[in-house]
Amino acid sequence: MNAIALGPLLISLPRLYAVGCALLLLLSARFLLGLPRSAQQRWFTGLIIVWLVGARAGHILLHLDSYSAAPIEALKVWQPGYHGLWGMAAGLVWTAWTLRARLLAMGGAMAMLVAASSLWLVMVTLAPLGNTFAVSELPDITLEDVDGNNVHLPALAEDHERIIVNLWATWCPPCLREMPLLEEAAQRDGVSVVVANQGEDLLPVVRYLDEQQLVFRYALRDPSQQLMAIFQAPGLPTTVLFDGQGNTLDVHVGELTRAHLDRWLQD
């Protein structure tokens, strides 16, 4: 899992790690750099902004094909998509410029920034709070589609190289924002997309799909939220990627981006 639930809040683990590393950097700088308070505040505030801009720009440049198809998505800064190394590079440039008159403090600040950024990258890679999957393969359950036909999930692996199972609801804004992306993915060869509505009656599901003119071969209903329990999903949307043998490849909690979905289907 890449997110945890704190009460009603769904918090991205990479962002949680980033906040922790930023606080550690702030405390270390306060006690070790010996900067005047105003100078430290200016450096650190600017560092956060520059790091975010650099990390976002780096991610966009590395996934230019995905963002060129929908440039407006580059401005959706609340979505996942930040490259730590680019952010660190931008932060080092900012630190060198801001503290150029204090060489000793500049060297210390650069070392702390490299350490904090490296720690964040290690935590994102190892995911100490969520590095296991609740399921190892497509669950052996049968659900009904919106037309009342039974769909046995493991049977989908017989004819597809990738199976995407998305848990959603009509009351969930990020779920609705990613539905067009999932419909696009369902048109790709060798890809099967299952959108399994969680806990709602048939009428609002059919009405939403009709109003938005969304067509899915596997638009399923899960009124008792079996998949939520099986996947141990902390919230919606939750999307699970399976290979052609039905084995779990990855789990994503929260809104999908085009770049993330492209990486899933190109790997």
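Up top is the structure.
Residues numbered from 1 in each chain as written. Predicted model: local features only at pLDDT ≥ 70, side-chain atom pairs only at ≥ 80, totals over all residues. Heavy atoms only, no water.

Asker: Looking at this structure, how should I read the overall build of the protein chain?
Answerer: Scanning the protein chain from N- to C-terminus turns up nine helices and nine strands. With the C-alpha coordinates aligned to their principal axes, the bounding extent of the protein chain is approximately 70 × 35 × 35 Å. The burial tally for the protein chain puts 46% of its 267 residues in the buried class. When contacts within the protein chain are restricted to residue pairs at least 6 apart in sequence, long-range pairs at least 24 apart make up 69% of them. Total accessible area on the protein chain stands at roughly 13800 Å², and carbon and sulfur atoms take up 60% of it. (Helix = DSSP H or I, 4+ residues; strand = E, 2+ residues; numbered from the N terminus. Buried < 20%, exposed > 50% of the residue type's maximum accessible area, 1.4 Å probe, protein only. Contact = heavy atoms within 4.5 Å. Areas by Shrake-Rupley, 256 points an atom, 1.4 Å probe, with all protein chains shown as cover.)

Asker: Where do I start with the layout of surface pockets in this structure?
Answerer: Over the atoms rolls a probe the size of a water molecule, and in doing so it shows where empty space is left. For the largest pocket, the calculated volume is near 1400 Å³. Along its surface, the largest pocket is lined by 44 residues, and Pro14, Arg15, Tyr82, Trp120 and Val124 are the ones closest to its centre. Elements with a minimum of two residues in the lining of the largest pocket: α1 (13-32), α2 (37-62), α5 (103-126), β9 (248-253) and α9 (258-266). Per element, the largest residue contribution to the lining of the largest pocket is nine residues, and it comes from α1. For the lining of the largest pocket, the class distribution of residues is 27 nonpolar, 14 polar and three charged. Residue lining of the second largest pocket: 17 residues in total, with Leu10, Arg15, Trp78, Gly254 and Glu255 positioned closest to the centre. The set of elements that each furnish at least two residues to the lining of the second largest pocket consists of β2 (9-12), α6 (173-186) and β9. Of the residues forming the lining of the second largest pocket, the biggest block, three residues, is contributed by β2. (1 Å grid on protein atoms, 1.4 Å probe; cavity = no way out; pocket = protein on both sides within 12 Å on 5 of 7 lines; lining within 4 Å. Points joined across faces, edges and corners; volume = space filled by probe spheres on them. Nonpolar A, V, L, I, M, F, W, Y, C, P; charged D, E, K, R; others polar.)

Asker: Help me understand the sheet that holds β9 in this model?
Answerer: Sheet strands line up and pair through hydrogen bonds in the backbone, either parallel or antiparallel. Ordered by their spatial adjacency, seven strands build an open sheet running β4-β3-β7-β6-β5-β8-β9, and the pairing between neighbours is mixed. Edge positions in the sheet fall to β4 (150-152) and β9, since each of these pairs with one other strand and no more. The sheet shows a mean angle of 30° between the axes of neighbouring strands, taken without regard to direction. Note that strand β5 (residues 162-168) and strand β6 (residues 191-198) share seven bridges and pair parallel. Along β6, the bridge assignment pairs Arg162 with Val191. The strands that α6 touches are β5, β6 and β8 (238-243); relative to β5, the one it contacts most, it runs at about 160°. α9 contacts β5, β6, β8 and β9 of the sheet and is inclined by roughly 175° relative to β9. (Pairing = 2+ DSSP bridges. Axes fitted to C-alpha atoms, helices over the stretch in contact; angles between N-to-C directions.)

Asker: Looking at this model, I keep getting lost on the pattern of salt bridges. Mind explaining?
Answerer: Oppositely charged side chains can pair when the atoms bearing their charge come close. Applying the stated criterion to the full structure yields four salt bridges. Put simply, Arg258 and Glu73 hold a salt bridge, and the shortest N to O gap is 3.9 Å. Here the residue Arg258 occupies a position in helix α9, and Glu73 occupies one in the loop between α3 (64-69) and α4 (84-98), the gap between them amounting to 185 residues. Residue class for Arg258 comes out buried when judged on its relative accessible area of 13%. With a relative accessible area of 8%, Glu73 lands in the buried category. Among the salt bridges present, the one from Arg177 reaches Glu255, with a minimum N-O distance of 2.8 Å. In this pair, Arg177 is assigned in helix α6 and Glu255 in the loop between β9 and α9, connecting sequence segments 78 residues apart. (Salt bridge = Lys/Arg side-chain N within 4 Å of Asp/Glu carboxyl O.)

Asker: Which parts of the structure should I look at to understand the packing of aromatic side chains?
Answerer: Aromatic rings in a pair are described by how distant their centres are and how their planes are angled relative to each other. Scanning the model with the defined rule gives four aromatic pairs in all. Both rings, one in Trp168 and one in Tyr208, keep their centres 5.7 Å apart while their planes meet at 45°; by these two values the pair is tilted. Highlighted residues: Trp168 in strand β5 and Tyr208 in helix α7 (residues 202-211), separated in sequence by 40 residues. Of the two residues, Trp168 and Tyr208, both sit in the buried class. Note on Phe231 and Phe242: the rings are 6.4 Å apart at their centroids and 40° apart in plane angle, and the pair reads as tilted. Of this pair, Phe231 sits in helix α8 (residues 226-231) while Phe242 sits in strand β8, placing them eleven residues apart in sequence. Relative accessible area serves as the criterion here: at 0%, Phe242 is assigned to the buried category. Against the face of Tyr82 rests Arg56, its NZ or CZ located 5.5 Å from the ring centre. (Phe/Tyr/Trp six-rings, centres within 6.5 Å; stacked < 30°, edge-to-face > 60°. Lys NZ or Arg CZ within 6 Å of the ring centre and 35° of its normal.)

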